Amino acid sequence: MRFVFKTGYDQDIRFFKHTGYWQSYGFLFLTAVTAPLYLGNFEISELTQAISFAIAGLGLMLLVGFTGQVSLGHAAFFGIGAYAQAWLLASFDISFLVAMPIAAVFTGIIGFLLAIPLLRMTGIYLAIGTLALSIVLEQILKSWKSVTGGFDGMAVEPASLLGYQFNPDSWDFYYVALAILILVLALCANLLRSPTGRAMVAVRDSEVSARSMGVNIARTKITAFGISTAITGLGGALFAHKLQYLAPDGFNLIISITFLLMIVVGGLGSLQGAILGALVVILLPQAITIMKDYLPPSIGHQPGLEPGIFGLLLVAFILFEPMGIYGRWRKIKLFFDIFPVYRKATFRRQKAYLKTERMR
Amino acid sequence: QTRGVTDTEVVVGSHTALTGPVAPWGVGQAAGARMAFAEANAKGGVHGRKIKFIVEDHGYQVPKAVQAANKLLNRDKIFAMVGALGTPMNNAVLPRQIKANVPNFVPFTASRQMIEPYHRLKFLAFASYYDQMRAATNYFVKEKGFKKVCALYQDTDYGREILQAVNDQLKALNLKIAGESAHSPREKSFVGAITKLRKAGCQVTMMGTIITDSIGPFLTAKKLGWKSVFVGTIATYDLIVAGFKKGLMNGYYAMTSFEMIYPDTADPAQKAWADAFKKYAGRPHTGASQLGYGSGVLFVEALKRAGKNLTVDSFIAAMESLKNYQMPIGGPPLTFGPNDHQGSTEAYLAVVENARWKTLTKPLSY
Amino acid sequence: MELIQVLVAGIAQGCVYGLIALGFVLIYKATEQVNFAQGDIMMLGMFAAFTLIAIAGLPWWLGALAGIAITGVFGFCLDAFVLRRIIGQPQFAVIILTIAVGFVFRSAAGGVWGADPVSFDTPYGGLVVTLDENETGRTVIDAADLTIILGTLVLVGALYAFFRFTRIGVAMQASSQNQLAAYYMGIPVKYVISLIWGISAAVSCIAGILLAPKIATFDPDVGFLAITAFAAAVIGGFGSLPGAVLGGLIIGITEQLAQAYLPGEYARSIAPISGFVILLAVLLIRPDGLFAQIQRKKV
Amino acid sequence: MAESLPDTLPVSPADPVLSVRNIETYYGPIMAIRGVSLDVPKGGIVTVLGANGAGKTTILKTISGVMDPQKGSVRFEGAEIQGRDPDWVARRGIAHVPEGREVFPFLTVRENLLMGAFARSDRGAVAGDLEMVYGYFPILQERSEQQAGYLSGGQQQMLVIGRALMARPRLMLLDEPSLGLSPILVKEIFGIVRRLNEEQGVTMLLVEQNANMALQAADYGYVLELGRIVMDDECSRLLESDDIKEFYLGVKKDAVRGKKRWRRKKTWR
Amino acid sequence: MSAVLSADDLTIRFGGLTAVDSVSFEVREREVYTIVGPNGAGKTTIFNLISRIYDPTEGRIRFGGADITETPAHRIAGLGIARTFQNIELFEHATVLHNLLVGRHCKSRTNVFEELAFLPKVRRAEYAHREKVEEVIDFLDLQPYREQYIANLPYGVRKVVELARALCTEPKLLLLDEPASGLSVEETENVAFWIDDIKNDLGIAILMVEHDMSLVTEVSDRVMAMNDGKTIAEGTSDEVQNHPDVLRAYLGA
Ligand SMILES: Nc1ncnc2c1ncn2[C@@H]1O[C@H](COP(=O)(O)OP(=O)(O)OP(=O)(O)O)[C@@H](O)[C@H]1O
Ligand SMILES: Nc1ncnc2c1ncn2[C@@H]1O[C@H](COP(=O)(O)OP(=O)(O)OP(=O)(O)O)[C@@H](O)[C@H]1O
Ligand SMILES: [Mg+2]
Ligand SMILES: [Mg+2]
């Protein structure tokens, strides 16, 4: 059982509320940093891909998990970030580290502008509206040949710094990705502990009372959309280097759905959830694939096996823990925090009842 | 030591679509290639090396293809990529594959980009879509005297390549395209498109389509009583297209680089192959399995020629030594050479008759 | 005449979207769940009919009826055994669950029926009513289109009446608006939800069966048509049955008109996505679709 | 502690139509009800008093099956109803007037009321009951075609009560029925409660903050604190109790006031 | 005493229903002004008009001399009008502390870029907000609930949290919609104290809707009674409570 005695306001503002946080997150950080020591290029490369998706997921998490606005179109912003990065590197003689924030901000500005008309919609309408928008954006990527290369696609200049060329499938680029992830995490956490972040959560929970507390709903939503798309764009810029070649159909609905899967599986409403979700959704299919290699050919060569197994695992997972991995983690933590006095009842699911979401 | 090669084994891989929109091809092709390798392995392998073939599914999605390639290149350490499916997927994987010095052997897409620009690691067996449609346009204008050539294509990289071919060839013939119509790959209704092309008076419509979106427009035109010629690429040279509702597709043309094997009318060798395939895969073969098998056999041939000391260089040299090689699945003879990694640029014209494909011409060129 | 031809085709295509959208809307109306597996349930229904008609050789009508019944029961069971376990959890859990279920369905269908496109014969397949004929061709109404249009009208009417006038229909709406209160009224909420899943699945199967002669072939991915149907439902105002059909018509007609009349360059860039462009346009003017039931919360 | 409570109550009313035994109910890790037992006699009116957060609502929810207790049993007319779904419980003849104005916002007022009669088999009598409810609350008739979501707070409260009446229950669970109603209607509500009880023999379990009214309307009362029953007696006797007077009826105002004043930390300013 | 808030001829119609029918009143400084009336009289609607959730069909609203009839709803809190809700509108999935900090939103002056970097300026502002919030927590005795999620709180505490959140905006005028409904006698007394303190110590004017007549009598300086959207009586608590129309329509003889 853990008792935390609060001695100052800072304790509530800090990222790491008590030593337990330091220990567990420090451990995580060490694990992540030392990963290349005991993992091969394959695993490291997968992790890098997961990280770029996690960054995009963090962007979507801000929007869906904290502001309560659903987007089925984030793949398009992922794509815009990727293309912007590729175009910047192709057109100007700048370092990829300089190009990345520019690409992110550019994506954010587009997201911000698009949000102005979009955010009159809510719920399922917003979801489908963003989906339609992403289809239109994809079409622009296809048609704007002079910039995007159209259907021929576009090669991405390799990431290099002071003459050192990064290998996107290797440890060096992994560290770049990890550093960006940590930076983005810090930015998101900062946002969430300041007024704008609280306003976002307020908008999510009750628009009327948020407005009565002086929250400008439209502005909060649009800001959230802008920041969310900027972060997703940053993920895209990173992913561009991972991909090395961009094609317009690489950023379609399936990717948007993947993002959504990630944040729900990870646990809506927590930054940790976005990362956990990305790890699961990106790495699990690969794990299934590898397992498949050890199955007898009569089963292993069955087409469509991975998505099926993946789907089944997801089904089982959601049935078992609709609150996502982070939700489960919190329960486990609670178990230890209140250790001797826990009871089985603590973790039993009470009946729950839904109310209409058509009242706003 | 060359990656993926030991004294007893050579590991090759493929990223393909076993699910998603083009799964029928991926599944058929993977089975065909597997069978070719299984046959070689049954004979004790090539130079004592068994071929281990690892197929990864990308469901026709780029990020998954990158993941699949990561596994094949970094975990399985393949020697060559054989029959990787999908133009965008191949494009996405190629940079890292080339960096890893892994040949891209006969990808399962006839896009021009698979061979252009030239790279020593890239190999394509047959005519590209672009070659096919230029040849077809050339044929219908020159041989049939058609003046009004149109294009109906899906709005994808593939469809656009066909549009490009038609435009380029018409330009070479001093003509202009008479009409065009684009649709999304999942389009199901073509009345609007056919109405437009009919109004444009198209005599022949070049199709940048695959299976369902070839059947749809053709039948719609029939329904509307419009008699015009429709020509597809090898992507529509498919058993389902020809056999649809036992004869409804009669009169539909397609370009192809090989000839479909119909067991009941085939020569004994082909029939034996068809039976063997059915036995091996548990289902009848398709065009894709013929192609997959063909590429597998070609790969085995190259391994044989490369000799005991298998390296990427010896493999490339072996490929470049192939002259007038005849695929077991038919098709024009293949000739490779230094700086020429495309086996052939010619294709046949075929038509559906009695719900079956019938080859009409000698290999065409432009 | 040419315009009529295009319009009829657009209407028929619109009804297709509308029919599929009905499935979504039913479930939403009764539970406020959004079923992302709707298209895949339709796909299973089509394959069920395919198995009964093309493989088992049942007469078309018998196979169709049996297929509808089987799919309906399947939908009921899907809810009763899978979705019910997370009843009351946030909408999102349901969305993700149905996405995952869709993965499983597609994979299973691929395993059972293979990835190749298939088709089955319909008694009226290929029949056309010729309205006009000249040397360049004719104007026709396809029997397949006609059945789709008729089927849509009948289904929408019947379902609308069901929700509006029957006790269980009103109870379904009640349970979507306030589950807890519905329980207090003695409404068997769980059963009601399973029931609507069953009905929705059956409706999807009807949609699929009517669709089959129109789309030549189908494969395990045919369910992706539901994405456009989704757009249709949203245009109409999610939860409104006539709205779904109207939304479908708007999209279907737009698509066909765009195919037929957009000139070259635009045809290339806009025609393939015209449905979604019109969707955006509608949503920008009416952010809640045309007929949505939305209230400003009374505080 | 909770487990050691006796299985029978010190003063057990004869012939209980509802009997709750030793229930323990949790919200996640929080134990809201810590072993409560109570009985409601047939045709009686029983009230539960308690401060905010004492667990009154939770008891009612546990009875009607909206929440599952971890332990204990709830018997209605001799049958165990604990662990059942709330709709099943409702169909057995228990109507719950919940707190929080749970209306169906998009249905009209009339449809809301008719939903109250969903589980009834005597369809013929429904129209008459609708008239009866309209008689009690004329404003509902005026607004009968309006969507319920737009009603004022008090009107929604009337609707919820009226809807429960439409079910013709044998037992009514009333959770703060007078909440947000005008003084005239508060009196009316208690009048209705008595009338239904006397004329139709409906058994009532009443939870109220308005302890004065509740104790006057009811026959028997329980006092709940922090999830435990701390006192129970005839209402007439409870009304006399000093503690009840002080804490629930607000008599001895000045005394309480003075104490509170003194206790309050004045750190403000 | 000057008027903090004045409403002139406020009218709003919903379709055919006139929910508020040319109502005029003013709230003066350091005064508790109470609106009573039967259910559906239009009391909450007046609150919604003042907090600009509804647009009046006719009439003007003035606050501190400025016309706010057209001010967007999110500016109202910044101007100094805070409110509570009849049906409790808290941010359910957040802690009490978080809810109160949202109440400080109208006072926050940092922009989103500063916040992303969490500049020292932002940190200082956070301290200041927190300081204020703690004052309010102290004032309303909410210490035990500071870290709890709203979803886990009983109704009565939620009501207090709503009051606290409104106070966090440092208002000049507080709108309280049935602050004592659902509260026990003891808690209602607390509310009476708080209202006194808010009025006297903080100098905040209060506009209140309440059905508990003992509370109304105890704290109100002036009372207005409404029925069917119209004013039927105005005056001191006693005057209004003895008005025949009020007796008939609202209190019951
Ligand atoms: N949804 C919930 N989640 C967690 N805890 C809850 C929840 N609802 C209530 N509680 C807790 O359970 C206890 C009892 O709550 P309950 O609502 O039954 O009280 P009550 O006596 O009805 O109070 P009130 O008079 O305010 O309605 C309270 O302490 C509260 O903190
Ligand atoms: N948005 C709306 N649309 C339609 N009618 C409304 C709307 N808001 C309020 N009304 C109606 O206006 C009338 C006044 O409602 P209001 O909420 O102001 O009542 P109130 O005086 O606060 O009553 P209570 O004491 O019951 O809370 C009610 O009859 C209500 O039905
Ligand atoms: Mg309660
Ligand atoms: Mg009110």
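Note that this is a predicted model, so its numbers are computed, not measured. (Residues numbered from 1 in each chain as written. Chains lettered and ligands numbered in written order. Predicted model: local features only at pLDDT ≥ 70, side-chain atom pairs only at ≥ 80, totals over all residues. Heavy atoms only, no water.)

When its secondary structure is counted, chain C shows 12 helices and 2 strands. Scanning chain C from its N terminus toward the C terminus, one meets helices and strands in the order α-α-α-α-β-β-α-α-α-α-α-α-α-α. Relative to a compact globule of 299 residues, whose C-alpha radius of gyration would be 19 Å, chain C shows 20 Å and is just as compact. Overall, chain C is about 70 × 50 × 35 Å in size when its C-alpha atoms are taken along their principal axes. Burial status across chain C gives 67% buried among its 299 residues. By sequence separation, contacts in chain C at least 24 residues apart represent 76% of the contacts at least 6 residues apart. About 9400 Å² of surface is accessible on chain C, with carbon and sulfur atoms providing 69% of the total. (Helix = DSSP H or I, 4+ residues; strand = E, 2+ residues; numbered from the N terminus. Rg over C-alpha atoms; globule rule 2.2 N^0.38 Å. Buried < 20%, exposed > 50% of the residue type's maximum accessible area, 1.4 Å probe, protein only. Contact = heavy atoms within 4.5 Å. Areas by Shrake-Rupley, 256 points an atom, 1.4 Å probe, with all protein chains shown as cover.)

Below, the discussion takes up the site of ligand 2. Near ligand 2 there are 23 residues, and of these D:R143, D:G154, E:T44, E:T45 and E:Q86 occur at the shortest range. Lying at an intersection of chains, ligand 2 is approached by residues of chains C, D and E. Taking D:R143, its side chain carries an N or O atom lying 2.3 Å from an oxygen atom of ligand 2. Within the backbone of E:A41, one N or O atom sits 3.2 Å away from an oxygen atom of ligand 2. Surface burial for ligand 2 is 95%, taken as the share of its 640 Å² of free accessible area covered by protein chains. Those elements that provide at least two residues to the shell around ligand 2 are α6 (153-166) of chain D together with β2 (17-28) and α1 (43-50) of chain E. Partitioned by chemical class, the residues of the shell around ligand 2 number 7 nonpolar, 12 polar and 4 charged. (Near = heavy atom within 4 Å. Polar contact = N/O pair within 3.5 Å; in protein donor to acceptor, adjacent residues only side chain to side chain. Nonpolar A, V, L, I, M, F, W, Y, C, P; charged D, E, K, R; others polar.)

Take the interface of chain C and chain A next. On the side of chain A, 48 residues touch chain C, which itself brings 56 residues to the contact. Interface of chain C and chain A: buried area, both sides summed, is about 4900 Å²; carbon and sulfur atoms make up 72% of it. If you sort the residues of chain C by the area they bury against chain A, C:Q89, C:F92 and C:I96 come out on top, with a joint share of 12%. The tally of links from chain C across to chain A stands at 0 salt bridges. Linking chain C with chain A are 7 residue pairs in polar contact (both at pLDDT 80 or more), by the criterion used here. Elements represented by at least two residues in the side of chain C that touches chain A include exactly α4 (91-113), α6 (167-177), α7 (179-184), α9 (225-236), α11 (264-269) and α12 (274-285) of chain C. The element that contributes the greatest number of residues to the side of chain C that touches chain A is α4(C), accounting for 12 residues. (Buried area = accessible area lost by both parts, 1.4 Å probe. Salt bridge = Lys/Arg side-chain N within 4 Å of Asp/Glu carboxyl O.)

Quick look at unusual backbone geometry now. Between B:E116 and B:P117 the backbone carries a cis peptide bond, its omega angle lying at -10 degrees. As for its position among the elements, B:P117 is in the loop between β4 (104-105) and β5 (122-123). At B:N101, a residue that is not glycine, the phi angle is positive and equals roughly 60 degrees. By secondary structure assignment, the location of B:N101 is in the loop between α3 (87-99) and β4. Unusually for a residue other than glycine, E:R52 sits at a positive phi of about 65 degrees. For E:R52, the position within the fold is in the loop between α1 and β4 (58-63).

Further remarks concern the sheet that holds strand β8 (residues 203-207) of chain D. Residues and elements named next belong to chain D. Ordered by their spatial adjacency, 6 strands build an open sheet running β6-β7-β8-β3-β9-β10, and the pairing between neighbours is mixed. Only two strands of the sheet have a single partner each, and these edge strands are β6 (94-97) and β10 (228-234). Going across the sheet, the axis of each strand differs from the next one's by a mean of 15 degrees, ignoring polarity. Packing against the sheet, helix α1 (residues 56-63) makes contact with β3 (45-50), β6, β7 (171-175), β8 and β9 (220-225), and its axis sits at approximately 150 degrees to β7. Against the sheet, helix α10 (residues 242-249) engages β3, β9 and β10, with an angle of about 65 degrees to β9. (Pairing = 2+ DSSP bridges. Axes fitted to C-alpha atoms, helices over the stretch in contact; angles between N-to-C directions.)

Let us look at the arrangement of the chains. Among 8 pairs of chains with at least one contact, chains A and C form the most extensive contact set. A gap remains between chain B and chain E, which never touch, and the nearest two C-alpha atoms on either side lie 30 Å apart.

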